[in-house]
Amino acid sequence: MPSTPEIAKPGSGAPVLETQDLTVRFHADEGVVAAVNGLNLRVERGECFGVVGESGSGKSQAFMSIMGLLAQNGHATGSARLNGREILNAPRKALDTIRGSEMALIFQDPMSALTPFMRIGEQMRESLMQHQGASAQAARERVLEVLEMVRIPDAKRRIGQYPHELSGGMRQRVMIAQALLCKPSLLIADEPTTALDVTVQAEILNIFAGLKKHTDTAIIIITHDLGVIASVCDRAAVMYAGRVVEEGGVQDLFYRPAHPYTAGLLRSVPAIDADPDVDMPVIPGQPPNLARLGAGCAFRPRCGQSMTVCAETAPPLRPRAGPAHRSACHAETVL
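Worth saying up front: this structure is predicted, and the values here are computed from it rather than measured.

Draft legend 1. A look at the nonpolar core. Phe63, Phe208 and Ile220 are the most contacted members of the largest nonpolar core, which has 95 residues in total. Setting aside its immediate chain neighbours within four residues, Phe208 contacts Ile106, Ile176, Leu187, Ala189, Pro192, Ile219 and Ile221.

This is the structure in structure tokens:
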């Protein structure tokens, strides 16, 4: 990462991204699938915000809806405002202008996201020339600049290579570089370290840490890995069955979890000094069927602290250790 002055991070003001009652539904053979249910998030300029949850929790679909990339059987309602402008369900032409310039998405699988028959430099230059009208020479210089920013060695040679000639970690760096080309105000990374070995994972997370330190881009990291959240995020939201069940600063979530699901996730992380002869704690049961969500708390069948009220009323998010730390649980204390 080039040595550049740190940019002051504003603590208040207009958020880069704000969602209100964001809801996503899919029409499937088994019925209407409630993928995301009333999501309210606020992501500030210059912060790294994590969204964590197991598969099927709705974390990826929430942001696919914001990007306008839902499958044909999906539909989103509510509100999603980028820099104060409503973008949810915006016309495709408007979204084509916004995507890549004001907000960018790093896909989970870079091999499927990169065009296999185009050289790296070609497809990166195309984005700059389309969104900013840059000349071929100016685009090439910017491509080399961002490739060096994400620590790709010998960038001048790499731009002439095809995606299949790069390693998985190198392709992920290219995806990050491509997302940064037009200096977007919002960068969304969907499982950016999946399928990478531990050393490469650490390198990718260091890149995000450098971006957070030296730019004012808001970064959202979608992951199932609590280690990723701990490494680079300032705040995080824990999602279960399409809802945020806990939200707060990373210190609060890790040291003062206020929802049984968050506490269960933390207990399920293996410790380095764990006794191999002792079974690792797990969350019992299975996630709910999102096409048949009943009343009350969706986590109740798997929760060791469930009460009668949990079956009757879904708990709202309410303050816990402080106003910035909230959880959706009827229990006063999480064991």
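Draft legend 2. Quick peek at helix α5 (residues 136–149). Counted at 1.5 Å a residue, the expected span for α5 with its 14 residues is 20 Å, and the 20 Å between its end C-alpha atoms agrees. Those residues of α5 not exposed but buried are Ala139, Arg142, Val143, Leu144, Val146, Leu147 and Met149. Taken together, the buried residues of α5 touch α4 (120–132), α6 (155–158), α7 (168–180) and α8 (198–214). Of the residues one or two after α5, Arg151 is the one with positive phi, at around 65 degrees.

Draft legend 3. Summary view of the sheet that holds strand β2 (residues 31–43). As summarised here, the arrangement of the four strands in space is β2-β1-β4-β5, forming an open sheet in which the pairing is antiparallel. With one partner strand each, in any of the chains shown, β2 and β5 (85–86) form the two edges of the open sheet. Here strand β4 (residues 74–82) runs beside β5; their pairing, made up of two bridges, is antiparallel. The residue of β5 that forms the bridge with Leu82 is Arg85. Each of β1 (17–28), β2 and β4 touches helix α1 (residues 59–67); the most contacted strand, β1, lies at about 105 degrees to it.

Draft legend 4. Quick peek at the UniProt feature "domain: ABC transporter" (unreviewed entry) in the chain. Look at the UniProt record and you will see "domain: ABC transporter" (unreviewed entry) annotated at residues 17–266. Split by type, residues 17–266 is 40% helix and 28% strand. Its first and last C-alpha atoms lie 28 Å apart.

Reading the values: rules and limits
- Residues numbered from 1 in each chain as written.
- Predicted model: local features only at pLDDT ≥ 70, side-chain atom pairs only at ≥ 80, totals over all residues.
- Heavy atoms only, no water.
- Core = buried A, V, L, I, M, F, W, Y, C linked by side-chain atoms within 4.5 Å.
- Buried < 20%, exposed > 50% of the residue type's maximum accessible area, 1.4 Å probe, protein only.
- Contact = heavy atoms within 4.5 Å.
- Helix = DSSP H or I, 4+ residues; strand = E, 2+ residues; numbered from the N terminus.
- Expected span 1.5 Å × (residues − 1).
- Pairing = 2+ DSSP bridges.
- Axes fitted to C-alpha atoms, helices over the stretch in contact; angles between N-to-C directions.
- UniProt positions renumbered as here; feature names shortened; annotations may be inferred.

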